[in-house]
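If you want the building blocks of each chain, they are given just below.
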Amino acid sequence: MRVLVIRHHDVDTAGFIAEAFEARDASLDVHLFPDHGALPGIGGVDHIVVMGSVSSVNDPDPWIAEELAWIRAAVDQAGVPVLGICFGAQALCAALGGRVEAMERMEIGWFTVESADQDAVPAGPWLEFHGDRCLLPDGATVLARNDAAVQAFRTGRHLAVQFHPEVDGPQLKRWLDSLGAREAVAAGTDPDQFLADTIREEPAARARADRLVATALAIRDS
């Protein structure tokens, strides 16, 4: 199985999600966009993972429109299943006809969700770090939500999650060190406690990420 991962910042990795795919004998091809050139071709790709970004899907940057068109082509023309994470979830939503709107306040920290199916999407807690939320396209099914936003949905063979199942302590520290601490404070989250909670959650977060990849593959094959 060949999995194409699109990341948007050099400080990001696919983390626990990558581990879960690799545990299923997947070969990962990781591409940094837009900093490392055009989006890759999707010939021979079995699954796509689109990761987070500090940008909003609604920003006017040309690369965002390019990525939405690329996702649309992957879904509609090539039929490649997509797992969207945070910005990636919002990009999938927008590419397929939904909308993305700004929230009144960012959701940052560890939060549980109301899951329609605990086996498919556990209640968490999940790491959240976002200021936008999805207004779903027609035909999408909500798999999890909380008071802030839809937290997981499926549409066709594709799965999208608003939270960050991939993040471990070192990755969160990189985010906090690159201006994320200021956003956390503004959202009412203590950065030091956030990091401590993330390190403590690592074993359980790894297991939840593995369950999520199993769900993505089950949706792909359904």
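Cut-off values and rules
The numbers attached to residues start from 1 for each chain and follow its sequence in the written order. The predicted nature of this model means local features are confined to residues of pLDDT at least 70 and side-chain atom pairs, given and counted, to a pLDDT of 80 or more, with totals for whole chains, interfaces and linings taken over all residues. Side-chain descriptors were evaluated using all non-hydrogen atoms of the structure, hydrogens and water having been removed beforehand. We call Phe, Tyr and Trp rings a pair once their centres come within 6.5 Å, taking the six-membered ring for Trp, and we label the pair stacked below 30 degrees between planes, edge-to-face above 60, and tilted otherwise. Helix and strand labels come from DSSP, where a helix needs a run of H or I of at least four residues and a strand needs a run of E of at least two; each type is numbered from the N terminus. In this scheme, a residue with accessible area under 20% of its type's maximum is buried, one over 50% is exposed, and one in between is partly exposed, where area comes from a 1.4 Å probe on protein chains only. What a helix should span is 1.5 Å times the count of its residues minus one. Polar contacts, as used here, are pairs of N or O atoms within 3.5 Å; protein pairs need one atom able to donate a hydrogen and one able to accept it. Residues neighboring in sequence count only if both atoms are side-chain atoms. Take the buried residues of types Ala, Val, Leu, Ile, Met, Phe, Trp, Tyr and Cys, join any two whose side-chain atoms come within 4.5 Å, and each joined set is a nonpolar core. In this analysis, two residues are considered to be in contact whenever any of their non-hydrogen atoms come within 4.5 Å of each other. Pairs of cysteine sulfur atoms within 2.5 Å are identified as disulfides in what follows. One requirement defines pairing of two strands: DSSP has to find at least two bridges between them. Between N-to-C directions, angles span 0 to 180 degrees; the directions come from axes that are lines fitted to C-alpha atoms, helices contributing only their stretch in contact. By convention, a crossover is right-handed whenever its connection, traced from the first strand over the helix to the second and viewed with the strands pointing away, goes clockwise. Every angle not falling under 35 degrees, over 145, or within 65 to 115 is termed oblique; those three ranges are roughly parallel, roughly antiparallel and roughly perpendicular. Each crossing gets its handedness from the near helix: less than a right angle anticlockwise from the far helix is left-handed, clockwise is right-handed. Classification convention: Asp, Glu, Lys, Arg as charged; Ala, Val, Leu, Ile, Met, Phe, Trp, Tyr, Cys, Pro as nonpolar; all other residues, Gly among them, as polar.

Chemist: What's the story with the packing of aromatic side chains in this structure? I'm lost.
Modeler: Centre-to-centre distance and the angle between the planes together describe a pair of aromatic rings. Throughout the structure, instances matching the rule amount to 5 aromatic pairs. Taking the centre distance of 5.9 Å and the plane angle of 80° together, the rings of F33 and W63 count as edge-to-face. With F33 in the loop between β2 (27-32) and β3 (47-50) and W63 in helix α2 (residues 62-78), this pair connects stretches of sequence that are 30 residues apart. We classify F33 as buried; its relative accessible area is 2%. For W63, a relative accessible area of 14% corresponds to the buried category.

Chemist: Even after reading the chapter, I still don't get helix α5 (residues 191-221), so can you show me in this structure?
Modeler: When the terminal C-alpha atoms of α5 are compared, their 40 Å separation across 31 residues is substantially less than the 45 Å that a helix rising 1.5 Å per residue should span. Two to three positions downstream of the cap, the backbone nitrogen of D192 sits 3.2 Å from a side-chain oxygen, assigning the N-cap of α5 to D190.

Chemist: Help me out: how do you make sense of the nonpolar core in this one?
Modeler: For soluble globular proteins, nonpolar side chains are generally found buried alongside one another. Ranked by internal contacts, the top residues of the largest apolar core, which has 43 residues, are F21, V49, V121, L127, L172 and F194. Sorting elements by how many residues they give to this core places α5 first, with 9 residues. Apart from the residues lying within four places of it in its own chain, the contact partners of L127 are G109, W110, F163, H164, V167, L172, W175, F194 and T198. With 29 residues, the next largest nonpolar core counts I42, I71, A95 and A160 among its residues.

Chemist: Help me understand the state of the cysteines in this model?
Modeler: This structure, assessed with the given rule, holds 0 disulfides. In this structure C86 is a free cysteine whose sulfur lies 8.8 Å from that of C134, the closest cysteine sulfur available. With relative accessibility at 4%, the residue C86 sits in the buried group. No disulfide involves C93; its sulfur sits 4.1 Å from the nearest other cysteine sulfur, which is in C134.

Chemist: Whenever I open this one, the sheet that holds strand β8 (residues 141-145) confuses me. Can you help?
Modeler: Either a parallel or an antiparallel arrangement is found when strands of a sheet pair, and the pairing is made through backbone hydrogen bonds. An order of β2-β1-β3-β4-β10-β9-β8-β6 is seen for the 8 strands of this open sheet, with the pairing classed as mixed. Of all the strands in the sheet, just β2 and β6 (114-115) have a single pairing partner and so form its edges. Judged from the 3 bridges that link them, strand β4 (residues 82-85) and strand β10 (residues 158-161) form a sheet pairing that is parallel. By the bridge assignment for β10, L83 is matched with L159. Running over the sheet, helix α3 (residues 87-95) touches β3, β4, β9 (150-155) and β10 and is turned about 125° from β4. Lying on the sheet, α5 is in contact with β3, β8, β9 and β10; it crosses β10 at an angle near 150°.

Chemist: Just checking my understanding: could you explain the pairing of β10 for this structure?
Modeler: For a regular strand, side chains alternate in direction, first toward one face of the sheet and then toward the other. Residues of β10 alternate between two faces, with H158 and A160 on one and L159 and V161 on the opposite face, all of them buried. Pairing analysis gives 4 bridges linking β9 to β10, with the strands arranged antiparallel. Along β10, the bridge assignment pairs F153 with A160. Here β9 folds back onto β10 in antiparallel fashion, the turn holding 2 residues, of which G156 has a positive phi close to 60°.

Chemist: Any chance you could explain the environment of A196 here in plain terms?
Modeler: Note on placement: A196 falls in helix α5. In the structure, A196 is positioned 98 residues away from G98 in sequence and 36 Å away in space, judged by C-alpha atoms.

Chemist: It is not clear to me how the pairing of β2 should be interpreted in this structure. Could you clarify?
Modeler: Of the pairings in the sheet, the one linking strand β1 (residues 2-7) to β2 comprises 6 bridges and is parallel in character. Bridging across to β2, V5 finds its partner in V30. For the segment spanning β1, helix α1 (residues 15-22) and β2, crossover handedness is right-handed.

Chemist: Can you help me understand the packing of α1 against α5 in this one?
Modeler: Geometrically, a packed helix pair is captured by the angle between its two axes and the distance between the axes. Remark: α1 packs on α5, axes separated minimally by 8 Å, with the N-to-C direction vectors making an angle of 55°. Taken together, the axes of α1 and α5 lie oblique to each other. The hand of the α1/α5 crossing is right-handed. From α1, F16, I17, E19, A20 and F21 reach across to α5, where they touch E202, A205, R206, A209, D210, V213 and L217. Of the residues in the contact of α1 with α5, the class split is 8 nonpolar, no polar and 4 charged.

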